[in-house]
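# Structure assessment
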Amino acid sequence: MPERITHDDLMRFIDGELAPEDHARIEAQLRTSTELQREVAIFNAMKTDFQDLSFQPAGSGHSVWDRVNRQLTRPVGWLLMIGGAAVLVAYGVFVFATSPGDPWEKLAIAAVVIGFVVLLGSVVWERYRDWLHDPYRDVYR
Amino acid sequence: MSSGTRKGDGLQPQVERELIRKCRAGGARFYEPLVRAYEPAGLRIAVAMMGNVEDARDALQDAFVKAYDSLHRFDLRRPFGPWFFQILRNQCRDMLRSRQARFKVEALDERLELRPADAEKGPERLRQRAAARELLWQALEHIGAEHREILVLKELQGLRYAEIAQVLDIPEGTVASRLFHARKALKDALMSMGAEYP
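Read on for an overview of the structure. Note on numbering: residues in each chain are counted from 1, in written sequence order. Chain letters and ligand numbers both follow the written order, the letters beginning at A and the numbers at 1. Residue-level local features of this predicted model are given only where pLDDT is at least 70; pairs of side-chain atoms are given and counted only at 80 or more, and the full residue set underlies all totals for whole chains, interfaces and linings. In computing side-chain properties, one takes all heavy atoms of the structure into account and sets aside hydrogens as well as water.

This brings us to the overall build of chain B. Tallying secondary structure elements over chain B gives nine helices and zero strands in all. Note on contacts: a residue pair qualifies if any of its non-hydrogen atoms lie within 4.5 Å across the two residues. The long-range fraction of contacts in chain B, counting pairs at least 24 apart against all pairs at least 6 apart in sequence, stands at 72%. Using the Shrake-Rupley algorithm and a 1.4 Å probe, accessible areas are obtained, with residue cover drawn only from the displayed protein chains. Of the roughly 9100 Å² that chain B leaves accessible, carbon and sulfur atoms contribute 49%. Only DSSP runs of H or I reaching four residues or more are called helices, and only runs of E reaching two or more are called strands; each is numbered from the N terminus.

Here you go:
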């Protein structure tokens, strides 16, 4: 009586993962069982259809590398720039505050600078918020 | 196309190892050849797992970033491909879970690559093949992510059982049984959609 073919054996047979003697054993049983032949034929047909799905996804000409690179390198750049700018600003404020001069003059200059920073900050924030919700930001020409 | 011709494609193992060493030393630019080599295979897996190109590209991008961040844990004696595909597979599953993003099928028509062998078989045969592919693509929506991922790795990516076991982090002996259940689920889905098989 031939050894029973398990589902695992059948899968290994279809995928060419069996040792030659096991492959031959299943082939021999296949010749005698129409039910088994039908099952193998169905799985093979599905396999062929699946492999035909080998498509080239749209937009694949545009590598994902640009986006990956941006994510890898930009945080470092931002960190250095913001850190350096913070040191410079702190030093500038210290020098400005401790320098001799008319307090009213200092106050006026400080108001102009702070006003400018607030305006710039609000514009940048607004643009950033728009960018976050921009549905076309990943659309390439 | 025979299974086994896909995989990661392109880079020699020693080149791959050298690039990874340089990346670990802080050279992000050395990551580019790795990304470009594994991008086509990764995109195929991700598209088949997510069902559409947009989500697939997001998953692929995040997987590459995660892989880069984890390169220090990568065992240089092993190939990069299965390790990366494992990260990608986890990323796709996470995205499907966390974003409640359902596997959503996108029409295939515009992105099917016509293979020369197909073109030689005449328009009727071409039409039948295209219809079968479309049906199969739709059927993928009806099977679970676990079934889908193993089918993708086997049929679309052409990985051997040992490689699939590595990617899915399961014993090699379990691969055949998982594949059987996945194929059976796909067959049932196809039959319920009216597909005809011999």
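Right, let's talk about the packing of helix α4 (residues 65-98) of chain A against helix α5 (residues 103-132) of chain A for a bit. Residue and element names in this part refer to chain A. Angles shown run from 0 to 180 degrees and are taken between the N-to-C directions of axes, each axis being a line fitted to C-alpha atoms and, for helices, limited to the stretch in contact. At a minimum axis separation of 10 Å, α4 and α5 run at an interaxial angle of 155 degrees. Classed by the angle they form, the pair α4 and α5 counts as roughly antiparallel. The residues of α5 that touch α4, namely those facing Phe 96, Ala 97 and Thr 98, are Lys 106, Ile 109 and Ala 110. When describing relative orientation, an angle under 35 degrees is termed roughly parallel and one over 145 degrees roughly antiparallel, while 65 to 115 degrees is termed roughly perpendicular and anything else oblique.

Turning our eyes to something else, we now look at a nonpolar patch on the surface. Residue and element names in this part refer to chain A. On the surface, a cluster of nonpolar side chains totalling about 630 Å² of accessible area is made up of Phe 96, Ile 109, Val 113, Phe 116, Val 117, Leu 120 and Val 124. Among the elements that make up the nonpolar patch, the one with the highest residue count is α5 (six residues). Owing to a relative accessible area of 45%, Val 113 belongs among the partly exposed residues under this scheme. Each patch is built from residues lacking any salt bridge and having more than 30% relative accessible area; the joining distance is 9 Å for like charges and 5 Å for nonpolar side chains (Val, Leu, Ile, Met, Phe, Trp, Tyr). What counts as a salt bridge is simple: a side-chain nitrogen of Lys or Arg found within 4 Å of a carboxyl oxygen of Asp or Glu. A 1.4 Å probe rolled over the protein chains alone gives each residue an accessible area, and that area as a share of the maximum for its type sets the label: buried under 20%, exposed over 50%, partly exposed in between.

This part takes up the interface of chain B and chain A. Taken together, the contact pairs 52 residues of chain B with 38 residues of chain A. Buried area: the sum, over both parts, of the accessible surface (1.4 Å probe) that disappears when the two are put together. Buried surface at the junction of chain B and chain A, both sides included, amounts to about 4600 Å², of which 61% is carbon and sulfur. One can count four salt bridges joining chain B with chain A. Arg183(B) is paired through a salt bridge with Asp15(A); the nearest N and O atoms lie 2.8 Å apart. Pairing of N or O atoms within 3.5 Å defines a polar contact, subject to two protein rules: one partner must be a possible hydrogen donor and the other a possible acceptor, and residues neighboring in sequence count only if both atoms are side-chain atoms. Our count for the chain B to chain A interface comes out at 14 residue pairs in polar contact (both at pLDDT 80 or more). Within the residue set of the side of chain B that touches chain A, elements represented by two or more residues are α2 (32-50), α3 (53-69), α6 (123-139), α7 (145-156) and α9 (172-192) of chain B. For the side of chain B that touches chain A, the leading source of residues is α9(B), giving eleven residues.

Let us look at the pattern of salt bridges. In this structure the tally under the stated criterion is 15 salt bridges over all chains. For the salt bridge of Arg36(B) with Glu32(B), the shortest nitrogen-to-oxygen distance reads 2.8 Å. Placement of both Arg36(B) and Glu32(B) in helix α2 is noted, with a separation of four residues, approximately one turn of the helix. Arg36(B) sits in the partly exposed class, given a relative accessible area of 40%. Across the salt bridge formed by Glu149(B) and Arg89(B), the nearest N and O atoms sit 3.2 Å from each other. On the criterion of sequence distance, the pair formed by Glu149(B) in helix α7 and Arg89(B) in helix α4 (residues 80-98) is long-range, its members being 60 residues apart. We classify Arg89(B) as buried; its relative accessible area is 10%. If you follow the salt bridges from partner to partner, you end up with Asp15(A), Lys47(A), Glu155(B) and Arg183(B) in one network.

In this section: the side chain of Glu39(B). Inspection of the secondary structure assignment puts Glu39(B) in helix α2. The buried charged residue Glu39(B) lacks any salt bridge, with Arg57(B) as its nearest oppositely charged partner at 4.7 Å. Separated by 2.8 Å, the side chains of Glu39(B) and Ser63(A) make a polar contact. Discounting chain neighbours no more than four positions away, the residues touching Glu39(B) are His62(A), Ser63(A), Val64(A), Leu60(B) and Phe64(B). In this count, Lys and Arg are taken as positive residues and Asp and Glu as negative ones, while His and the chain termini are left out.

Most of α7(B) is tucked away: nine of the twelve residues are buried. Listed as buried for α7(B) are Arg148(B), Glu149(B), Ile150(B), Leu151(B), Val152(B), Leu153(B), Lys154(B), Glu155(B) and Leu156(B). Looking at the packing, one finds that the buried side of α7(B) touches α3 (34-51) of chain A together with α2, α4, α8 (161-168) and α9 of chain B. Among the residues trailing α7(B), Gly158(B) stands out with phi positive, at a value near 70 degrees.

Glancing now at the environment of Pro13(B). All names here are of chain B. Tracing the chain through its elements places Pro 13 in helix α1 (residues 13-24). The partly exposed category is assigned to Pro 13, whose relative accessible area is 45%. The spacing of Pro 13 and Arg 78 is 65 residues in sequence and 9.0 Å in space, taken between C-alpha atoms.

Attention now goes to unusual backbone geometry. All names here are of chain B. Although it is not a glycine, Asp 169 sits at a positive phi angle of roughly 60 degrees. Mapping Asp 169 onto the fold places it in the loop between α8 and α9. Judged by relative accessible area, which is 62%, Asp 169 ranks as exposed.

If you look at the biggest cluster of nonpolar residues, it comprises 84 residues, and the most contacted ones within it are Met11(A), Val68(A), Tyr31(B), Phe64(B), Phe80(B), Phe84(B) and Leu186(B). In terms of residue count, the dominant contributor to this core is α2(B) (twelve residues). Setting aside residues up to four positions removed in sequence, Val68(A) forms contacts with Tyr31(B), Val35(B), Gln61(B), Phe64(B) and Val65(B). Throughout this description, the term nonpolar core refers to a set of buried Ala, Val, Leu, Ile, Met, Phe, Trp, Tyr and Cys residues connected via side-chain atoms within 4.5 Å.

These values are about where atoms sit, not about what they do.
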